[in-house]
Number of protein chains: 2
Amino acid sequence: MNSVFLNGAYLPKDQARISVDDRGFVFGDGIYEVVRIIEGRIFAWGEHAARMARGLDAVRIPFSASDVAGLEAVCNTLIADNDLQSGEATVYFQVSRGAAPRTHYFPPAGTPPTVYAAPSRFTPSRDMREKGVKAITVPDLRWARCDLKTVNLMGAVLARQAAHESGAYEALMIRDGMMMEGAATNAFAVIDGVVRTYPLSNYILPGITRQYVLDAARDVGVPVSEEPVTQAQMFAAPELFIVGTTTDVAPIVLLDGKTVGSGSPGPVTKKVQAAFLARLYGSAAVAH
Amino acid sequence: MNSVFLNGAYLPKDQARISVDDRGFVFGDGIYEVVRIIEGRIFAWGEHAARMARGLDAVRIPFSASDVAGLEAVCNTLIADNDLQSGEATVYFQVSRGAAPRTHYFPPAGTPPTVYAAPSRFTPSRDMREKGVKAITVPDLRWARCDLKTVNLMGAVLARQAAHESGAYEALMIRDGMMMEGAATNAFAVIDGVVRTYPLSNYILPGITRQYVLDAARDVGVPVSEEPVTQAQMFAAPELFIVGTTTDVAPIVLLDGKTVGSGSPGPVTKKVQAAFLARLYGSAAVAH
């Protein structure tokens, strides 16, 4: 129990140690993913693997799409070894550019990437789904490649800490007067009955849950639009919600201390949430 | 020989290993410094320590100014243990927010920071000083707190790699049409006889060498101005140079394949370089 995967070996987490020369440690030079495990099955593996392969390729860490595909078996071994065939869990994956004497430019060809995967037991919060969450707004200080899931996460860390300290779950990033996304979620507003979210660009993460939510909303007849939401529209919106791999669809009921809409999850959010959860859990959604 | 410092212990580098849960590894959640060692003496320790303490405070890693002050003794032990009392060396310091189960917000109070220091033998490049270097320009993709020396360095890594692949030493970052700084140096232009560099702000590192160079230039009667240089001014400037802890003052003689000025280090750069090296080495400058 509590075994993780590191560079080809399965071992207890407290024995999983990396070099101080790892470029993940000294440069944040790595790409990560988090997948959701439900009753021992990986949700949306194909989408997560494709995003991870694209990120590794974009920053040129030599770990190919077929190497990433090989992590599915690693994930399944971790699920089995850690007794995660029932209930829910997450598995965290990270591939860094490996350990080498410190130079900003890439290490010598042949330097093996560091490959790490670790499972955690996970229980989704019924309260968060049903009662909603508080959020705050913060300036988006992050870099111009937020579409890449790198471990350069200081901006997200500081934003989430600000949220945490004000009793909120999430910090929504404002860039050039627009609602971009949460520190670890994508953000949506309901405006004139239309579910709106920032379009795919270099400034937001192409969230897997984001895409599932857009598809699920369309399927149940809720109009969607990938169009920026201004800060003013955000505060005037009757409904706001955030989505992510461990957040699912969470209504925002309080933003910077101001009530959103009626102060309870709104009808469009609930409809989209139900449609998404049906996809996540299959027809057993109601039971969760 | 080749001992490093990790969390209170001195040990061979290949035995210095950190947890996969280290926030340096999974979030780039750490602050670093690099100091120059000349004949066993730390150059500008006070300035480096002050900047490191300021950075740790800004991101709220609980490692105080007096904790940072304690690293001077660590540095001196590393110098002695690694036979670095003569010649030159660098010592790298990094303090991360420690190892804890992964949450974006800060780990529980009492989580000890990870404290790491490692020396390397260093030989400054006479060629770089005397003949100058090539540089390229790249868009500045980095976040809005480049004044903090965090290990969120993916932007610098990719920029330096681009430079490396084109046979250049440094990549100069362009933001909003302005020359900001190099990926790991501060950048200067000589315009109408005035040495110009971007003013201190959240967008550039407050370089220790940058400050020494400004002071040294003033001392030898070279006018300086902390004022942005446009991309057009940059390409028209008769002299460009970069400065840093391991770069000293390096003339740029080729920018994006175009000759800078005469293609050789210019008179103002040489004068400033000599003035800086005199401060770095004291009166023995000529010998180096």
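Computed from a predicted model, the values in this text were never measured in an experiment.

The rules behind each value
Residues numbered from 1 in each chain as written. Chains lettered and ligands numbered in written order. Predicted model: local features only at pLDDT ≥ 70, side-chain atom pairs only at ≥ 80, totals over all residues. Heavy atoms only, no water. Domains from an automatic or database assignment. Buried area = accessible area lost by both parts, 1.4 Å probe. Salt bridge = Lys/Arg side-chain N within 4 Å of Asp/Glu carboxyl O. Polar contact = N/O pair within 3.5 Å; in protein donor to acceptor, adjacent residues only side chain to side chain. Helix = DSSP H or I, 4+ residues; strand = E, 2+ residues; numbered from the N terminus. Nonpolar A, V, L, I, M, F, W, Y, C, P; charged D, E, K, R; others polar. Pairing = 2+ DSSP bridges. Buried < 20%, exposed > 50% of the residue type's maximum accessible area, 1.4 Å probe, protein only. Expected span 1.5 Å × (residues − 1). Contact = heavy atoms within 4.5 Å. Least-squares fit on C-alpha atoms with pLDDT ≥ 70 in both. Axes fitted to C-alpha atoms, helices over the stretch in contact; angles between N-to-C directions.

Caption draft 1: View of the domain arrangement of chain A. All names here are of chain A. Taken domain by domain, chain A comprises domain 1 (3–121) and domain 2 (126–287). Between domain 1 and domain 2, the buried area comes to about 1800 Å², and carbon and sulfur atoms account for 62% of it. In this assembly, domain 1 and domain 2 are joined by two salt bridges. The salt bridge involving Arg54 is made with Asp147; its shortest N-O contact spans 2.9 Å. At the boundary of domain 1 and domain 2, one finds eleven residue pairs in polar contact (both at pLDDT 80 or more). Only strand S4 (30–38), helix H2 (45–58) and strand S6 (88–96) provide two or more residues apiece to the side of domain 1 that touches domain 2. Tallied by class, residues from the side of domain 1 that touches domain 2 come to eleven nonpolar, six polar and seven charged.

Caption draft 2: Expanded view of the sheet that holds strand S1 (residues 3–6) of chain A. Residue and element names in this part refer to chain A. The strand order across the open sheet formed by six strands is S2-S1-S7-S6-S4-S5, and the pairing between neighbours is antiparallel. Two strands in the sheet have a free side with no partner beyond their single neighbour: strand S2 (9–12) and strand S5 (41–42). Pairing geometry for S4 and S5, over two bridges, is antiparallel. Bridging from a neighbouring strand, Ile38 pairs with Arg41 of S5.

Caption draft 3: Seen up close, the side chain of Glu88 of chain A. Residue and element names in this part refer to chain A. On the secondary structure map, Glu88 appears in strand S6. Glu88 sits in the buried class, given a relative accessible area of 7%. A distance of 2.5 Å separates the side chain of Glu88 from the side chain of Tyr281, its partner in a polar contact.

Caption draft 4: Focus on helix H6 (residues 208–219) of chain B. All names here are of chain B. For H6, built from twelve residues, the straight-helix expectation of 16 Å at 1.5 Å per residue is met to within 8% by its first-to-last C-alpha distance of 17 Å. Residues Ile208, Thr209, Arg210, Tyr212, Val213, Leu214, Ala216 and Ala217 constitute the buried set of H6. Just past H6, the residue Gly221 takes up positive phi, approximately 85°.

Caption draft 5: Structural context of the environment of His48 of chain A. Here His48 of chain A is to be found in helix H2. Sequence-distant contacts of His48 of chain A, that is, excluding residues within four places in its chain, are made with Glu33, Val34, Val35, Phe43, Ile208 and Thr245 of chain A.

Caption draft 6: Structural view of the pairing of S1 of chain A. Residues and elements named next belong to chain A. Side chains Ser3 and Phe5 project from S1 onto one buried face, and the interleaved Val4 and Leu6 project onto a second face that is buried too. Taken together, the four bridges between S1 and S2 define a ladder with antiparallel strand orientation. Its bridge partner lying in S2, Leu6 is registered against Ala9. If you look at the hairpin formed by S1 and S2, you'll find two residues sitting between the two strands, and Asn7 has a positive phi there, around 50°.

Caption draft 7: The arrangement of unusual backbone geometry in detail. Residues and elements named next belong to chain B. Even without glycine at this site, Asp176 takes up a positive phi of about 50°. Mapped onto the fold, Asp176 is located in the loop between strand S9 (170–175) and strand S10 (178–182). Exposure remark for Asp176: the relative accessible area of 74% places this residue in the exposed category. Of note, Asp256 is a non-glycine position whose phi angle comes to about 50°, a positive value. Within the secondary structure, Asp256 is located in the loop between strand S16 (248–255) and strand S17 (258–259).

Caption draft 8: How the structure looks around the relation of the copies chain B and chain A. Under the fitted operation, chain B is carried onto chain A by 0.0 Å of movement along the axis and a turn of 180°, and the coordinates agree to an RMSD of 0.0 Å. Seen this way, the second copy is the image of the first under a two-fold rotation axis. When the interface residues of chain B are mapped onto chain A, 100% of them again fall at the interface, so both copies present the same face.

Caption draft 9: Region of the structure containing the interface of chain B and chain A. Contact with chain B, which involves 50 residues of that partner, is made by 50 residues of chain A. When chain B packs against chain A, the two sides together hide about 4400 Å² of surface, and 66% of this comes from carbon and sulfur. Contact with chain A buries surface across chain B, with Phe25, His104 and Met154 of chain B losing the most and accounting together for 18% of the total. Counting the contacts that link chain B with chain A gives four salt bridges.

Caption draft 10: Region of the structure containing the sheet that holds strand S6 (residues 88–96) of chain B. All names here are of chain B. With antiparallel pairing, six strands are arranged side by side in an open sheet as S2-S1-S7-S6-S4-S5. Of all strands in the sheet, those with a lone pairing partner are strand S2 (9–12) and strand S5 (41–42), marking the two edges. Pairing of strand S1 (residues 3–6) with strand S7 (residues 114–121), which is carried by two bridges, proceeds in the antiparallel orientation. Considered in S7, the bridge of Leu6 is made with Tyr116. Across the sheet, helix H2 (residues 45–58) lies against strand S4 (30–38), S5 and S6, angled at about 175° from S4, the strand it touches most.

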